[in-house]
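These are the residues of each chain, in order.
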Amino acid sequence: MADVTTPESQPDTTERIDLGVEPDIHGTVTTAAGDGHGAWHVDDGHGHHTSTGLSNNKLAMWMFLGSECLLFGGLISTYMLYRGRHEGSPSPDQLYAIPLTSVSSFVLLMSSLTMVLAVSAAQRHDDRNTTTWLTVTALLGATFVGAQVFEFTEFVHEGLGFTTNLFGSSFYTLTGFHGIHVTVGIILLMALVGMINRSKVPGNKAEVVEMIGLYWHFVDIVWIIIFTLVYLIPS
Amino acid sequence: MSTDHAVVDGEIHEHLDGPGHDSGHGHGLTDMGYVKVAIVLAVMTGIEVALSYSGFPGYVFMPLLLILMLLKFVTVVSFFMHLRFDNRLFTWLFYSGLILAVLVYCAALATFHVFDPG
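Residues numbered from 1 in each chain as written. Chains lettered and ligands numbered in written order. Predicted model: local features only at pLDDT ≥ 70, side-chain atom pairs only at ≥ 80, totals over all residues.

### Quick look at the environment of A:Val145
Residue and element names in this part refer to chain A.
Here's step 1: Here Val145 is to be found in helix α5 (residues 127–158).
Here's step 2: Between the C-alpha atom of Val145 and that of Phe64, which follows or precedes it by 81 residues, the distance is 23 Å.
Here's step 3: Ignoring any residue separated from it by four or fewer positions in sequence, one finds Val145 in contact with Gly179, Val182 and Thr183. (Helix = DSSP H or I, 4+ residues; strand = E, 2+ residues; numbered from the N terminus. Contact = placed C-beta atoms within 7 Å.)

### Comments concerning the packing of helix α4 (residues 98–123) of chain A against helix α7 (residues 205–232) of chain A
Residues and elements named next belong to chain A.
Here's step 1: Running from amino to carboxyl end, α4 crosses α7 at an angle of 160°, the nearest separation of the two axes being 9 Å. As summarised for this structure, α4 and α7 are arranged roughly antiparallel, according to the angle between their axes. Read as a crossing pair, α4 and α7 show a hand that is left-handed. Here Ile98, Thr101, Ser105, Leu108, Leu109, Ser112, Met115, Val116, Ala118, Val119, Ala122 and Gln123 of α4 come into contact with α7, specifically with Lys205, Ala206, Val209, Glu210, Gly213, Trp216, His217, Asp220, Trp223, Phe227 and Tyr231.
Here's step 2: Grouping the constituent residues of the contact of α4 with α7 by class yields 14 nonpolar, six polar and three charged. (Axes fitted to C-alpha atoms, helices over the stretch in contact; angles between N-to-C directions. Parallel < 35°, antiparallel > 145°, perpendicular 65-115°, else oblique. Left-handed = near helix turned anticlockwise from the far one by under 90°. Nonpolar A, V, L, I, M, F, W, Y, C, P; charged D, E, K, R; others polar.)

### Observations regarding the confidence of the model for chain B
Residue and element names in this part refer to chain B.
Here's step 1: Mean pLDDT for chain B: 79, with 76% of residues reaching 70 or above.
Here's step 2: For residues 1–24, every residue scores under 50 in pLDDT, and the model assigns this stretch 50 contacts once sequence neighbours within four places are set aside.
Here's step 3: Both confidence scores are given for the complex: pTM 0.80, ipTM 0.79. (pLDDT = per-residue confidence, 0-100.)

### Remarks on the environment of B:Val114
Here's step 1: Looking at where B:Val114 falls in the secondary structure, it is placed in the segment after α3 (88–111).
Here's step 2: When the 14 C-beta atoms within 10 Å are taken as the criterion, B:Val114 is described as partly exposed.
Here's step 3: Non-local contacts of B:Val114, meaning those with residues more than four positions away in its chain, are made with A:Met80, A:Leu81 and B:Leu109. (Buried ≥ 20, exposed ≤ 12 C-beta atoms within 10 Å, placed from the backbone.)

Take a look at the structure:
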């Protein structure tokens, strides 16, 4: 099978149908005339051979996210192991502000909605709505990070530093790593908005937005786990 | 691959008969569909928070919290990350990493007697 994407600026996909190939919503064209050993995936006329017929970028992103599960699995496990070791500082139950964390969780959840709306707009080639939803997503992400910084500041004032005890170290490492991931996501979102505004997105624009969307949703599902295991279930 | 195509205003739209197909791309939901999914997720989060304040014994509210957490996780992955509509290879890649992580770390935690009662 072969898999060919045509550039958005050259909507010549109808001609390719006549050649016996099958385009999809992204302009991706698939044909059964392959050599049986793979497929061609072409972005803006620059093709590459893939053995699966799927986008290598998307495949790599899912593999990356699978490996990220192992990273956060390790951090969450370490926290679960050490959350009871809070000698010399208030206990987690005394420290956590569930109302604040619930609001920030809701904000991050809604940022996943705005992100998927950005992906949807990108697939419709609607640049204006794409950049609008991406910007809203970045702002919601920044709100979440701001709430986390506020929470950390409060905890330090309460006497829980990074090296105070094992609970503090594992808590700050876990939530800090997640916060860094959110921050990286915000930078990616803003960079993408800038690239779309300057029409400098390389390759298939909808796929690039989808890739960053996958990263953003992953950050959200990690928080879904952290929120329940760390904040809602007492030690 | 169960797809058909229509040409509308020079653009080609793909119609899928069901989840999973060879191109690796899918329509997903409509924008309103995504909003409905987000509302469901928000309601589940509200229930989680209410449960944590409910005062129920641990053996009641902890399983409920874990079930709600898993439901939210699967909902985001299936609908927002489009795994439900995408090629199944992506599903295998992601869930194999996830399941491997859960098994490895549960085994590691078990060696520290984290799951022992009391």
